[in-house]
Amino acid sequence: MLSNKSWFKLHGWCSLPVWLIFCFVCLTGTIAVLSHELTWLTNPAARASNPQDKPALPISQLVAAVQQKFPTADVSGVMTFEPYLVHAITFTDHDKPYAIAYVNQYSGEIQEINEGLTFIGFMRSLHGWLLFPWQQSYSVGYYLVSAMAFVMLGALITGLMVYKKFWRSFTQPKVRLTANKATVLADLHRLAGVWSIWFLMLMSATGFWYLAQAIMWHNEIDIEPHAPIVAINEVPTDSQSPKLSLADAMDIATKRFPQLQPSFIMLPEHQRGMYQISGGGDHIFYDQYAYALSINPWTGIIASEKSPESLTAVQTLMHIADPLHYGTLGGLWTKFLWFFFGVILTGMSITGFMMWATRLKKAMREDAASAFA
C-alpha cells in the first residue's frame, strides 16, 4: 500500500516531466474549441451577416458565383460551418494553386479570397499534432499529443489518491485566500481538480481513442472504406453526355437523408470521380461527417452511403470523439463550457508547476542550511 507521500510524488511525475508539452496542448485545445467564434470576432469577411433574415441560398448557386467570378477556376469542394460563418469554397486557378472563397450563403457575395492557412486550420493542426510533419500515415506530433491521455489520467488518479475525501469540495469548497502563496495555490489546484473530474475523464477517454486511431492509421488499417469511383464501363464515351449537376446531387442526397445538414462536399475531380457529400444530422453526439454519400455523376445512383445507424462500433467511436473532445455537441453553450474547463485545466497545469517550483526552492534552501549548519 503506497503512502500519501508516495502518491504525491507519483502525481508530480505524471505531469512534471512533460509539463511544457501538456500545458501547451491544453492551451491550444482550449483556443481551438472557440476557433470558429474567434474567426468571426477577428475577421469581418468570415461573418455571414443576414440583416434581412433571408434563407440560405442553395450551395450550387454559391459555387456558380465563384465560377462566374473565376471562369477558369476548378472548384474542388465546399465546407459549411455555423450559420454565422460564411461557406468556404475551395478552388484552384492558373494563378492560385489553392484558394478559399468566403461566400455569404445569404447574399451570395464573395467576401474574401484566402490563399493561405486559416486560423481554424492552424489551431486544429497546432493542437492536433503540434505542426510536426506527416510521414505518409503518421505524425510524431500526433502521437505526442495523444499520449497526453496517459499523463492526464495518471494525474487524475494519483491526485484523487493524494486528496483524501475529495468529494467535500463539491459541498464545502475551500480556498484560503489570506494564507501564504503555497497554500492558496494548493487550494486552487485541488478545487479545480475535483470540479474538473468529469472533464479530465472525458479528455483522457477521447485522447486514448485518438491514440488508437493513430496506431490504426500508421498500420494502414482502414476504419472506413475508401470512397468508390465510377466503373470504367459507366463512363460515357460520348463527350456530349450530360453530367449530373451539383444541384441534382444535393437533391438526391437530401431525399435519401432528409435530416442531412451538409458540411463538406467534394466535386468529381475526374471522369471517374463521384460527388462526395458529408454532413451531420439530428444526432447530437455524432460529428458533422456521420452521414456520407457517394453519388455517381453520370447515372445519379448512390454508390455508397453511411449514417449513424449503419456505423460499426469502431466507426461510431470515430464519429463521436470530436464532439465530445471539442464540445460541439450542444452548440455555443457546450463550446463555452468546454472552453471554461479548458482554461481551468490549463491553469491547473500552471499551478501544479508553481507548487512544484515552490517546494523545490524550499528543499534547496533547507539543503543549503543543513550544509552550513
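Shown above is the structure to which this text applies.
Quick look at the structure, then. From a predicted model like this one, the values you see are computed outputs, not experimental measurements.

Criteria and thresholds
Residues numbered from 1 in each chain as written. Predicted model: local features only at pLDDT ≥ 70, side-chain atom pairs only at ≥ 80, totals over all residues. Heavy atoms only, no water. Phe/Tyr/Trp six-rings, centres within 6.5 Å; stacked < 30°, edge-to-face > 60°. Helix = DSSP H or I, 4+ residues; strand = E, 2+ residues; numbered from the N terminus. Lys NZ or Arg CZ within 6 Å of the ring centre and 35° of its normal. Pairing = 2+ DSSP bridges. Axes fitted to C-alpha atoms, helices over the stretch in contact; angles between N-to-C directions. Salt bridge = Lys/Arg side-chain N within 4 Å of Asp/Glu carboxyl O. Buried < 20%, exposed > 50% of the residue type's maximum accessible area, 1.4 Å probe, protein only.

Let us now look at the packing of aromatic side chains. Applying the stated criterion across every chain yields a total of 15 aromatic pairs. Judged by centre distance (5.4 Å) and plane angle (75°), the ring pair of tryptophan 198 and tryptophan 338 falls under edge-to-face. Of this pair, tryptophan 198 sits in helix α9 (residues 197-218) while tryptophan 338 is found in helix α12 (residues 332-371), placing the two residues 140 residues apart along the sequence. Here phenylalanine 340 and phenylalanine 341 contribute two aromatic rings whose centre-to-centre distance is 5.4 Å and whose plane-to-plane angle is 85°, an arrangement assigned as edge-to-face. Ring pairs connect the aromatic residues Trp198, Phe199, Trp338, Phe340 and Phe341, which therefore count as one cluster. Positioned over the ring face of tryptophan 40 is arginine 47, at 4.8 Å from the centre of the ring.

With that settled, the discussion passes to the pairing of strand β7 (residues 261-266). Pairing of strand β1 (residues 74-79) with β7, which is carried by three bridges, proceeds in the antiparallel orientation. Counted as the bridge partner of methionine 79 is phenylalanine 264 from β7. Judged from the five bridges that link them, β7 and strand β8 (residues 275-280) form a sheet pairing that is antiparallel. By the bridge assignment for β8, proline 262 is matched with glycine 279.

Here we come to the sheet that holds β1. Ordered in space as β4-β3-β2-β1-β7-β8-β9-β10, the eight strands form an open sheet in which the pairing is antiparallel. The open sheet has two free edges, formed respectively by β4 (110-114) and β10 (302-306), since each of these has just one partner strand. Between one strand and the next, the sheet's axes are offset by a mean angle of 20°, whatever the strand orientation. As paired strands, β1 and strand β2 (residues 87-93) are joined by five bridges and run antiparallel to one another. Following the sheet pairing, valine 75 is matched in β2 by phenylalanine 91.

With that out of the way, let us pick up the pattern of salt bridges. Applying the stated criterion across every chain yields a total of eight salt bridges. Across the salt bridge formed by glutamate 82 and lysine 335, the nearest N and O atoms sit 2.6 Å from each other. Residue glutamate 82 is located in the loop between β1 and β2, and its partner lysine 335 is located in helix α12; the two are separated by 253 residues in the primary sequence. Taken individually, glutamate 82 and lysine 335 each receive the classification buried, so the pair is uniform in this respect. Two residues, aspartate 187 and arginine 190, come together in a salt bridge whose shortest N-O distance is 2.9 Å. Note that aspartate 187 and arginine 190 are positioned in helix α8 (residues 181-195) at a spacing of three residues, about one turn of the helix. Exposure remark for aspartate 187: the relative accessible area of 2% places this residue in the buried category. Arginine 190 sits in the partly exposed class, given a relative accessible area of 30%. Here the salt bridges do not stand alone but share partners, grouping Glu37, Glu82 and Lys335 into one network.

All quantities given are derived from atomic positions and should not be read as evidence of function.
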